[in-house]
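Commentary on secondary and tertiary structure
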Amino acid sequence: MQLTLEFGGGLELLCDSEKIHKVNVDLPNGADSDDFTMTHLLSWVRTNLIKERPEMFMKGDTVRPGVLVLVNDCDWELSGQLDTVIEDKDVVVFISTLHGG
Amino acid sequence: MEAGEAKSKKAGGSRLCCICNQRRPVLKRPKTLQQICRECFYEVFEEEIHQVIVGNRLFKSGERVAIGASGGKDSTVLAYVLSELNRRHNYGLDLFLLSIDEGITGYRDDSLETVKRNEVQYGLPLQIVSYKDLYGWTMDEIVKMIGLKNNCTFCGVFRRQALDRGAALLKVDKLVTGHNADDIAETVLLNILRGDIARLSRCTSITTGEDGPIPRCKPFKYTYEKEIVMYAYFKKLDYFSTECIYSPNAYRGFAREFIKDLERLRPRAILDIIKSGEDFRIATTTKMPEQGTCERCGYISSQVRPLSLSHQVML
């Protein structure tokens, strides 16, 4: 599926300083399109986009505390966080809050 | 399943904004766990800050106020919201942006560009004060001298004095900074971890330094960092976001990590820690450290050997 992933708040430094990534994500073999959730996407991002210091982006299976996630401009806390289903043409934004103000 | 149904199933189902009951929610507030839409979010965010300002009598009409502006998320949102509230509620304030250049290459030089853009975007006059001009040292030079330990200790002390100097140049009556609820909760924890009782008793005050050259206040004292970032994101406010290169060595990092983990489990913990900090009372039998003055210049000093930190570096 085609997705647009955006990284802000300093996270772009982990992905070759690119803020916006238009990507094509292959569904895991045999998986239903309803099964592709943020859990799978995070794993995909860690493997394919994060080029350095993955501990700045993820802690365990989820994002590092202090990283906000928006799916189609909506706080992922509203859609079940890791259980949020990701669909074709979705826009996912990751913003780190962990820097000076 | 219809496409429309699928999308709304994802976005919190058929739930609507808790406040207006009309629009699709876009945010879950950590403070209240309410699910609210964009427009209601702007309203509650701005209104709560207005209530903090009015309720704590932070300003008087006619005051000249400098906003400590680093180009970062907190100070940019502060400048935006304060100008807006000043207009909307007629606070009668004369607002300025005050920025400190510590001389940290690759960090401060970039963020100053952001403040210069903010000057234009918000129409607020900007004053920049540099460590090099004030003290003859940039932070880069200081770190070369003292190594990578205690950098924030030096920088923080210098910045405080630099802000006082900048405020005097602008002839302002008050300074505001963008310290948010997360910052203050971290500071309470830090002071507990270090047994710093003197700082613990001061660090939750919303206004400080009333007995000094320039009082400073923190209108974002009860505002969550998450909401500041979301506000800036939705409003497309321009801010700079990189960590200071010397900060990974700072002790505060541990308190921050802990607070973030806590927030995940129980978001209200941040406000509750601040409340605990506010209500601490020091036992009357405890001896409090005395705050002296620098032998050389008379500025305040907490050091046992009473030389202010700026004079310690000169030695």
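What comes next is a walk through the structure. (Residues numbered from 1 in each chain as written. Chains lettered and ligands numbered in written order. Predicted model: local features only at pLDDT ≥ 70, side-chain atom pairs only at ≥ 80, totals over all residues. Heavy atoms only, no water.)

**Topic: the overall build of chain A**
Heads up, the condition is: Here a strand is any run of E in DSSP of at least two residues, a helix any run of H or I of at least four, and the numbering for each starts at the N terminus. In this treatment the radius of gyration is a C-alpha quantity, and the globule benchmark scales as 2.2 Å times the residue count to the 0.38 power. Using a 1.4 Å probe on the protein chains alone, a residue whose accessible area is under 20% of its type maximum counts as buried, one over 50% counts as exposed, and one in between counts as partly exposed. Whether two residues are in contact is decided by their heavy atoms: any pair within 4.5 Å suffices. Charged residues are defined narrowly, with Lys and Arg counted positive, Asp and Glu counted negative, and His plus the chain ends left uncounted. Where a charge lies is defined by one atom per residue type, namely NZ (Lys), CZ (Arg), CG (Asp) and CD (Glu).
For chain A, the count of helices and strands is one helix and six strands. For chain A, the sequential pattern of α-helices and β-strands runs β-β-α-β-β-β-β. Taking 2.2 N^0.38 as the reference for a compact globule, 101 residues should give roughly 13 Å; the C-alpha atoms of chain A span a radius of gyration of 13 Å, in line with that estimate. In terms of principal-axis extent, the alpha carbons of chain A reach across some 45 × 25 × 25 Å. In chain A, which comprises 101 residues, the share counted as buried stands at 52%. Within chain A, residue pairs in contact and separated by at least 24 positions form 59% of the contacts whose partners lie at least 6 positions apart. The distance from the centre of the 8 positive side-chain charges to the centre of the 18 negative ones in chain A is 9 Å.

**Overview of the pairing of strand S3 (residues 64-68) of chain B**
Residue and element names in this part refer to chain B. Short version of the rule: Paired strands are those between which DSSP finds at least two bridges. Crossovers are marked right-handed if the path from the first strand over the helix to the second runs clockwise, as seen with the strands pointing away from the viewer.
Most of S3 is tucked away: four of the five residues are buried. Note that S3 and strand S4 (residues 94-101) share five bridges and pair parallel. Directly across from Ile-67, in S4, lies its bridge partner Leu-97. For the crossover that starts at S3, traverses helix H3 (residues 73-88) and ends in the parallel S4, the hand is right-handed. Here three bridges tie S3 to strand S6 (residues 174-176), and the two strands are oriented parallel to one another. Looking across to S6, one finds that Ala-66 is bridged to Leu-175.

**Section: a nonpolar patch on the surface**
Condition: Patches were defined on residues exceeding 30% relative accessible area and lacking a salt bridge, with like-charge contacts within 9 Å and nonpolar side-chain contacts (Val, Leu, Ile, Met, Phe, Trp, Tyr) within 5 Å. Reported accessibility uses the Shrake-Rupley method at a 1.4 Å probe radius. Residues are deemed covered only where the shown protein chains occlude them. Salt bridge, as used here: a side-chain nitrogen of Lys or Arg that lies within 4 Å of a carboxyl oxygen of Asp or Glu.
A contiguous nonpolar surface patch, about 340 Å² in accessible area, is contributed by B:Leu193, B:Tyr251 and B:Phe254. B:Tyr251 gets classed as partly exposed once you look at its relative accessible area, which sits at 35%.

**Notes on the interface of chain B and chain A**
Put simply, the rule reads: Each of two parts loses accessible area, computed with a 1.4 Å probe, when they are put together; buried area is these two losses added. Counting of polar contacts relies on pairs of N or O atoms within 3.5 Å, with two restrictions inside protein: one atom must be capable of donating a hydrogen and the other of accepting it, and residues adjacent in sequence are counted only when both atoms are side-chain atoms.
Counting from both sides, the interface comprises 33 residues of chain B and, opposite them, 32 residues of chain A. Regarding the contact of chain B and chain A, the summed buried area is about 2800 Å², with carbon and sulfur atoms giving 53% of it. At the boundary of chain B with chain A, the tally comes to five salt bridges. Across the pair A:Lys59 and B:Asp261 runs a salt bridge whose closest N-O atoms are separated by 3.0 Å. Summed over the shared surface of chain B and chain A, the number is nine residue pairs in polar contact (both at pLDDT 80 or more). Secondary structure elements with two or more residues in the side of chain B that touches chain A: helix H1 (3-10), strand S1 (27-28), H3, helix H10 (225-234) and helix H11 (252-265) of chain B. In terms of residue count, H10(B) provides more of the side of chain B that touches chain A than any other element does, six residues in total.

**A look at the layout of surface pockets**
Note the following rule: A cavity, in this analysis, means grid points on a 1 Å lattice covering only the protein atoms where a 1.4 Å probe fits yet has no way out; a pocket is instead an open set bounded by protein on both sides within 12 Å along at least five of seven lines, and a residue lines either one if it has an atom within 4 Å of a point. Grid points are joined across faces, edges and corners, and a volume is the space filled by probe spheres set on the points. Only Asp, Glu, Lys and Arg are considered charged in this grouping, and only Ala, Val, Leu, Ile, Met, Phe, Trp, Tyr, Cys and Pro are considered nonpolar; every other residue, Gly among them, is considered polar.
By volume, the second largest pocket amounts to about 380 Å³. Lining the second largest pocket we find 21 residues, and of these A:Glu77, A:Gln81, B:Lys226, B:Glu263 and B:Arg264 sit closest to its centre. Residues of the lining of the second largest pocket, tallied by class, amount to 10 nonpolar, three polar and eight charged.

**Examining the pattern of salt bridges**
Within this structure, the stated rule accounts for 33 salt bridges over all chains. Notably, a salt bridge pairs A:Glu52 with A:Arg53, separated by 3.2 Å at the nearest N-O pair. For A:Glu52, a relative accessible area of 36% puts it in the partly exposed group. Residue classification places A:Arg53 among the partly exposed residues on the basis of a relative accessible area of 39%. Notably, a salt bridge pairs B:Arg256 with B:Glu186, separated by 3.4 Å at the nearest N-O pair. Of this pair, B:Arg256 sits in helix H11 while B:Glu186 is found in helix H8 (residues 181-194), placing the two residues 70 residues apart along the sequence.

**Quick look at the sheet that holds S6(B)**
All names here are of chain B. Note the threshold: Throughout, an axis means a line fitted to C-alpha atoms (over the contacting stretch in the case of helices), and angles, computed between N-to-C directions, take values from 0 to 180 degrees.
Pairing is mixed in the open sheet, where six strands are placed in the order S5-S4-S3-S6-S8-S7. Whereas interior strands pair on both sides, the edge strands pair on one side only; in this sheet they are strand S5 (126-130) and strand S7 (207-208). Where H3 meets the sheet, it contacts S3, S4 and S6, and its direction lies at approximately 155 degrees from that of S3. Against the sheet, helix H4 (residues 108-122) touches S4 and S5, its axis set at about 165 degrees to S4.

**Some remarks on the packing of aromatic side chains**
Residues and elements named next belong to chain B. What counts is decided by this rule: When the centres of two rings from Phe, Tyr and Trp lie within 6.5 Å, Trp using its six-membered ring, the rings pair. Their planes under 30 degrees apart give stacked, over 60 give edge-to-face, and anything left gives tilted. Charges are assigned to positions over rings by a cutoff of 6 Å between ring centre and Lys NZ or Arg CZ, combined with an angular limit of 35 degrees from the ring normal.
The final tally for this structure, using the stated rule, is 18 aromatic pairs over all chains. Measuring from centroid to centroid gives 6.4 Å for Phe-154 and Phe-158, while their planes differ by 55 degrees, and the two rings are tilted. You can see Phe-154 and its partner Phe-158 sitting in helix H7 (residues 151-170), four residues apart, about one turn around the helix. Its relative accessible area of 14% is what places Phe-154 among the buried residues. Note on Phe-158: relative accessible area 2%, which makes it buried. Pairwise contacts between aromatic rings join Phe-41, Tyr-42, Phe-45, Tyr-80, Tyr-122, Phe-220 and Tyr-231 into one cluster. Cation over ring: Lys-235 sits above Tyr-42, and NZ or CZ is 4.3 Å from the ring centre.

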